[in-house]
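Understanding the architecture of this molecule
The residues making up each chain are set out below.
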Amino acid sequence: METTPQSPADEKPLVFLAQPLFPEFAAALAGRYRFVLAADADAATSAEARVLLVPGLAPVTAQHLARLPALELVAGTSVGVDHVDLDTCRSRGLSVTNAGPAFAVDSVDYAVGLVVTVLRRVAAADAYVRRGRWGPTATTLSPPRSVLLALAARDECRAVLR
């Protein structure tokens, strides 16, 4: 069977990676893009890249950006952009984006969970049980009022973030 050669317009867009993607993220994007790890790219591939995806907080320096003459977008998966050389991006007219508030609700949930863990002494209770000291005279840890207030505050924080 004869196949028709693909034109450049039919190819999947090339996305340059500052570092490897998390496996789940890579699986979600598989089939829609061509990924090339910056460390593995040759000069021709580097010259073609229009998007640089920056998972996590990998540094994006002027030297990295200089290798990508066709670059138009630096897309970060983190909340901040402190790891990106914004002056170089600005001077080249590159767009820079990040995850913004995408993780805000999860962060609130995590913080409340940590507060509950500390207030309920979960780590100490876990160590107590693992040492085999749990028995009929063990004390119970009823939820202190502060935990209930923290849970109420969590719902208010989530509402504000929405």
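Residues numbered from 1 in each chain as written. Predicted model: local features only at pLDDT ≥ 70, side-chain atom pairs only at ≥ 80, totals over all residues. Heavy atoms only, no water.

1. What about the pairing of strand 1 (residues 14-17)?
To keep things clear, this is the line we draw: The cut-offs for exposure are 20% and 50% of the maximum accessible area for each residue type, with area from a 1.4 Å probe on protein chains only; residues under the lower value are buried, those over the upper are exposed, and the others partly exposed. Put simply, DSSP marks the helices as runs of H or I at least four residues long and the strands as runs of E at least two long, and each gets a number from the N terminus on. Criterion used throughout: strands pair if DSSP finds at least two bridges between them. When the strands point away from the viewer, a crossover counts as right-handed if the route from the first strand across the helix to the second turns clockwise.
Here strand 1 shows no split at all, with L14 and F16 on one side and V15 and L17 on the other all buried. Judged from the four bridges that link them, strand 1 and strand 2 (residues 34-37) form a sheet pairing that is parallel. The partner of V15 across the bridge, within strand 2, is F35. Crossover connection from strand 1 via helix 1 (residues 23-29) to parallel strand 2: handedness right-handed. Pairing geometry for strand 1 and strand 3 (residues 51-54), over three bridges, is parallel. The partner of L17 across the bridge, within strand 3, is L53.

2. Examining the side chain of T77
Our working rule: A 3.5 Å cut-off defines polar contacts: any pair of N or O atoms within that distance qualifies, except that in protein one atom must be a possible hydrogen donor and the other a possible acceptor, and neighbouring residues in sequence count only when both atoms are side-chain atoms.
Secondary-structure assignment places T77 in the loop between strand 4 (73-76) and helix 4 (86-92). In this structure the side chain of T77 is engaged in a polar contact, spanning 2.9 Å, whose partner is the backbone nitrogen of G56.

3. Looking at the environment of P13
Condition: Any two residues whose heavy atoms approach within 4.5 Å at even a single point are treated as in contact.
Relative to the helices and strands, P13 resides in the segment before strand 1. Under the relative-accessibility criterion, P13 is labelled partly exposed at 45%. Discounting residues that sit within four places of it in the chain, P13 has contacts with R32, Y33 and R34.

4. Some remarks on the pairing of strand 4
Pairing of strand 3 with strand 4 involves four bridges; the strand directions are parallel. Of the residues in strand 4, the one forming a bridge with L53 is A75. In this region the chain leaves strand 4, passes through helix 4 and returns to the parallel neighbour strand 5 (residues 95-97); the handedness of that crossover is right-handed.

5. Brief notes about the pattern of salt bridges
Going by this rule: Criterion for a salt bridge: a side-chain nitrogen of Lys or Arg within 4 Å of a carboxyl oxygen of Asp or Glu.
Evaluation of the coordinates by the stated rule reveals five salt bridges. Note that R34 and E11 form a salt bridge whose closest N and O atoms lie 3.6 Å from each other. Of this pair, R34 sits in strand 2 while E11 is found in the segment before strand 1, placing the two residues 23 residues apart along the sequence. On the basis of relative accessible area, R34 is assigned to the partly exposed category, the value being 30%. Taking the shortest distance from any N to any O, the salt bridge between E48 and R34 comes out at 2.6 Å. One end of the pair, E48, is in helix 2 (residues 43-48); the other, R34, is in strand 2, and 14 residues separate them in sequence.

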